[in-house]
Each structure stands twice: as C-alpha cells, then as structure tokens.
Amino acid sequence: MPVPMSEEEKVFKDPVHGYIYVHQPLIWDLINTREMQRLRRIRQLGTTYVAYPGGDHSRFSHSLGVYEVIRQILAAFDRNAYPWDEDDNLLAMAAGLLHDVGHGPFSHAVEKVVGLRHERWSEAIILDAATEVHQVLEHHRPGFAQAVADVIAKRHPHRLVVSLVSGQLDADRLDYLMRDSVATGVDYGKFDLARIIRIMEPVDDRIVVRQSGLRTLEAYLLARYFMYWQVYFHPVSRSAEVVLRSILQRARDLAGLGEEPPFPHPALASLLRETVGLADYLRLDDAVFLNAFNVWQDAADPVLRDLCRRFLDRRLLDYREYPEFRPMWWQRVLRAADASGFDSRYYCAIDETGTVYYDYYLGGGNRQGEAIWLWDRNTRSLVETSEVSSPVRTIAAETRVARRVYFPREIGEQVD
Ligand code: ZN
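Here the structure is a predicted model, which is why all the values come from computation and not from measurement. (Residues numbered from 1 in each chain as written. Predicted model: local features only at pLDDT ≥ 70, side-chain atom pairs only at ≥ 80, totals over all residues. Heavy atoms only, no water.)

## Observations regarding the coordination of the zinc ion
Formally: Each metal site is built from N, O and S donor atoms within 2.8 Å (3.2 Å for Na, K and Ca), and since water is not included, such sites may look incomplete. A run of H or I in DSSP becomes a helix once it reaches four residues, and a run of E becomes a strand once it reaches two; helices and strands are each numbered from the N terminus. Exposure classes here rest on a 1.4 Å probe applied to the protein chains alone. A residue is buried below 20% of its type maximum, exposed above 50%, and partly exposed in between.
At the metal site, the zinc ion is ligated by H62 (NE2), H99 (NE2), D100 (OD) and D172 (OD), and these contacts range over 2.1 to 2.4 Å. Of note, the zinc ion draws all its donor residues from one chain, in the sequence arrangement H-x36-H-D-x71-D. Residue H62 is located in helix α3 (residues 59-79), and its partner D172 is located in helix α10 (residues 171-184); the two are separated by 110 residues in the primary sequence. Looking at D172, the relative accessible area reads 16%, which means it is buried.

## Looking at the pattern of salt bridges
The test is simple: Whenever a carboxyl oxygen of Asp or Glu lies within 4 Å of a side-chain nitrogen of Lys or Arg, that contact is scored as a salt bridge.
If you walk through the whole model with that rule in mind, you get 33 salt bridges. For D343, the salt bridge identified is with R345, shortest N-O distance 2.7 Å. Bridged by salt links that share partners, the residues K112, R238, E241, R245 and D351 form one connected network.

## Brief notes about the sheet that holds strand β8 (residues 381-384)
To keep things clear, this is the line we draw: By this definition, two strands are paired if DSSP reports at least two bridges between them. Each axis is a line fitted through C-alpha atoms, taken for helices only over the stretch in contact, and angles between the N-to-C directions span 0 to 180 degrees.
Strand order in the open sheet made by the four strands is β3-β4-β7-β8, with mixed pairing throughout. Among the strands making up the open sheet, the edge pair consists of β3 (200-203) and β8. Each strand axis lies, on average, 45° off the axis of its neighbour in the sheet, ignoring direction. Where strand β4 (residues 206-210) meets strand β7 (residues 373-376), two bridges bridge the pair, whose relative direction is parallel. Looking at β7, one finds that V209 is bridged to L374.

## Quick word on the domain arrangement of the chain
How big an interface is tends to be reported as the loss of accessible area on association of its parts. Cut-off, in case you're wondering: Domain limits in this description derive from either an automatic procedure or a database domain assignment. When two parts are put together, the accessible area they lose, computed with a 1.4 Å probe and summed over both, is reported as buried area.
The domain architecture assigned to the chain consists of domain 1 (10-185) and domain 2 (234-316). For domain 1 versus domain 2, the separation of C-alpha centres amounts to 28 Å. A combined buried area of about 2500 Å² lies between domain 1 and domain 2, and 68% of that area is made up of carbon and sulfur atoms. Its largest share of buried area at the contact with domain 2, domain 1 owes to V50, V113 and W121, together 24% of the area lost on that side. One can count three salt bridges joining domain 1 with domain 2. Between D285 and R41 there is a salt bridge, with its nearest N and O atoms 2.7 Å apart. Secondary structure elements with two or more residues in the side of domain 1 that touches domain 2: α5 (107-113) and α6 (118-127). The leading source of residues in the side of domain 1 that touches domain 2 is α5, at five residues.

## Some points on the packing of aromatic side chains
Short version of the rule: Pairing of aromatic side chains requires ring centres within 6.5 Å, counting the rings of Phe and Tyr and the six-membered ring of Trp. Pairs whose planes differ by under 30 degrees are stacked, by over 60 edge-to-face, and all others tilted. Charge-over-ring placement is defined geometrically: NZ (Lys) or CZ (Arg) within 6 Å of the ring centre, and within 35 degrees of the ring normal.
Tallied over the entire structure, the rule returns 21 aromatic pairs. An angle of 75° between the planes, with centres 6.2 Å apart, marks the rings of Y176 and Y232 as edge-to-face. Here Y176 is found in helix α10, whereas its partner Y232 is found in helix α12 (residues 214-232), with 56 residues between them in sequence. Of the two residues examined, Y176 and Y232, each falls in the buried class. Linked through ring pairs, F106, F263, F289, F293, W296 and F311 together constitute an aromatic cluster. Sitting over the face of the ring of Y19, K13 holds its NZ or CZ atom 4.4 Å from the ring centroid. Lying over the aromatic face of F60, R40 brings its terminal NZ or CZ to 4.0 Å of the ring centre.

## Brief notes about the packing of helix α16 (residues 286-296) against helix α17 (residues 302-313)
Our working rule: Note on angle classes: values under 35 degrees are labelled roughly parallel, values over 145 roughly antiparallel, values of 65 to 115 roughly perpendicular, and the remainder oblique. In this scheme the crossing of two helices becomes right-handed for a clockwise turn of the near helix relative to the far one and left-handed for an anticlockwise turn of less than a right angle. Between two residues, a contact is recorded if the distance between any of their heavy atoms is within 4.5 Å. Each residue is assigned to one of three groups, with Ala, Val, Leu, Ile, Met, Phe, Trp, Tyr, Cys and Pro labelled nonpolar, Asp, Glu, Lys and Arg labelled charged, and all others, Gly among them, labelled polar.
Interaxial distance between α16 and α17 falls to 8 Å at its minimum, and their mutual angle equals 125°. On the basis of the axis angle, α16 is oblique to α17. The chirality of how α16 crosses α17 is left-handed. Of the residues in α17, those touching α16 at L290, F293, N294 and W296 are L304, R305, C308, F311 and L312. The class makeup of the residues in the contact of α16 with α17 is seven nonpolar, one polar and one charged.

Written as structure tokens, this is what we have:
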C-alpha cells in the first residue's frame, strides 16, 4: 500500500538536525494535535535549567527530533536496500513522534510524589477516543492507535520497529543525548549521529551495528556516560528537584490537614489528590506548576511559602556527597534541621540516582538486558560490543551511583 505523501514538504529548523522534514499528512496532522502542542509547554529536562541556563528546551522539540532520527534511519535502510517493509515506516515514525506524549511537567519529580507514571498517560492519550491524537491515528486506519501504543509499550510483535523507538541504540536516546548536549553546551556529550545512522543495519529481528563502526559506537556510549554524570545527575538540578518534591508534598499534606492552600488551577489540585482524569491531566504544563509556586510564595503556611521562594529564587538546598549510608550521621542531619526550625520531612532528603550506561551484564550465564551487537559482514556473525571493546567493557562494569544528602544551607556547620 503506497503511503500518502503531502504535496508540499514541511520543514522545521532545528539546532540538532538542521532541518526536520515532514512528508506524510499523518505525521503533520499528529504534530498539530492539541496533545502534541502541549509538549511545547513542558521542559524536556525538568529542573536542569537551574544548573545549565540553556537547558530549557521543550519535549516538543525532542519529540520532533525522535521522529526525524527514525525518518533518517529508514531513509538509510531504503538507500541500502535493506530488507524492510515500507508499510512499517509510518508506524515507526508515528510511535517515535508520540513516545513522550504522556509526559507531564517535571514528571520525574512528580512521579515520586503521586503514583502515576507517564507511560500510562501516553497509552491513555493514544487510545482514548476523545483525544485528537487518537482520532488522527484512527482516521489513518482503524486499529492504528492500538498498534502505535503497542510499539511504545514494547508489546508489538514487530521487534525491529520496537527497537527503533526503545532499545540500547534507539532514536529516543540518539536525539535526547545530542539535543541535551547542544542545549546545555556540554560538548563532550556529542557524538557522530550521522555516522551512527550509517552503520546501523537490520539483521533478522534486531538492529545491529557494522563492526567497522565500533569507534563511532564507543564515542556514543561514552557521550552517554558523560551526560549522565555531568548533566542528568547534576547536584544543583537535583537540589531543585528535591525542593519541588517537598513543595508538592507539603501542599498535599496541608490538604490532608484540612488546610489546603488555594490551588490556582483545578488540574493541579486533582493531580495531588490523585483523582486526576485525562482531561485534567492534559491541562497540566510547566506554567501551571510555576504559577502555583508563584502564588504560594505568599501562602499562609510558612513551610510552603519558604519552599516556593527557595525554588523560584534558586536558593536551593545544600548537599554533601554520601557514597556510603551512615545512619548515625543522617540522624544527626535530621536532628540539626528540626532543632533549627526546618521540618526535616521537607528540608532534608537522601537523593540517589544511578543508571547503567550499557545494561548488558557480562560473564557467566547471567546475561540480561539488551546488548548492542556488532555485525561482521565477512563472517556473517554477531559479536556483543563489550567483548571487543575495552572502553565499553569498563563503563558496562561501572556500578557507581550518585547519592547525596540535601539539607538547608543554614545548618551547614552543624552537619560536618
Ligand atoms: Zn524521549
């Protein structure tokens, strides 16, 4: 079945890809839905802008970027005449475009306070008959919304399409690492995206990398390692996230005590009461949160008021690295805070972040996770990357986590 093409090519100017090209009316119509436009009002990196002033780009630009990476990969498959069913192009591109449609404002922090995950919202937005996204997908072909939701949830039987959207070397990571690196100015987070796309190849039901591209692949995995430590785990950005979590927690606790602060937007109230439905959820954006904090900086409750001022004025919590858990010292921090009038439930926190940069366990029969396979064209065999790359082996074995204790600056002298 030929895929309908627009008469006119649409383009977006983009700092990562130069241009983002849209040829199919389906993709253009999805971009113009209310649910996708909402992502313009949600920052991709949550609180990272307090540490990197340039890091305030939107989830919308990232979503377009993921679509564009998939479009480029498919175009490369086509040029090389790799086995690939063209009918699957739109499925992969639509799933890439929509993969983050369920993200809310500051979603990683919010998910720790209220137990609702963005993956669930993505699925609801795609499958609920009331959304424009759903209507556009079903207009293309009945059942297409379900197929797109299945790809995003990794349930779809077409493993190649799934691995383009989420895998070790997926379009999501390829775009966000480059985009976050460009936006923050952290140059060593960049890698050769054009060549990564050139060396990818579909073999059986997986995407593999040609062995001649090993150095390019190593540079990508190292860039990812650098970005985690330099940007995603940045202690000041994490401090802002701790304060944000405490604000939401305090607002919620006050409501439980019958002293609910005035909620400038009803959707925020229903989010914190965990009664939020899809229509309300789609009203949430960064502005709703920031406006609430702006109003609450004059709240009657001194804790809520102070936390909001700290967040807005970037007078965040101080921290100490805390590689090993020391319960006595932690108790001392809590007591010092409480004794100085800072309710330790809101002013102290242990923040722990860790990731595996290449989550493929080495050795023994204990292999799990997804590997990146190198393809030797001559011998027509696959080899797992860490078996031939010592840099990859090193970062695959890295288990370090970032663990920090946060507390008010005012008690700094009492904790050391
Ligand atoms: Zn994403």
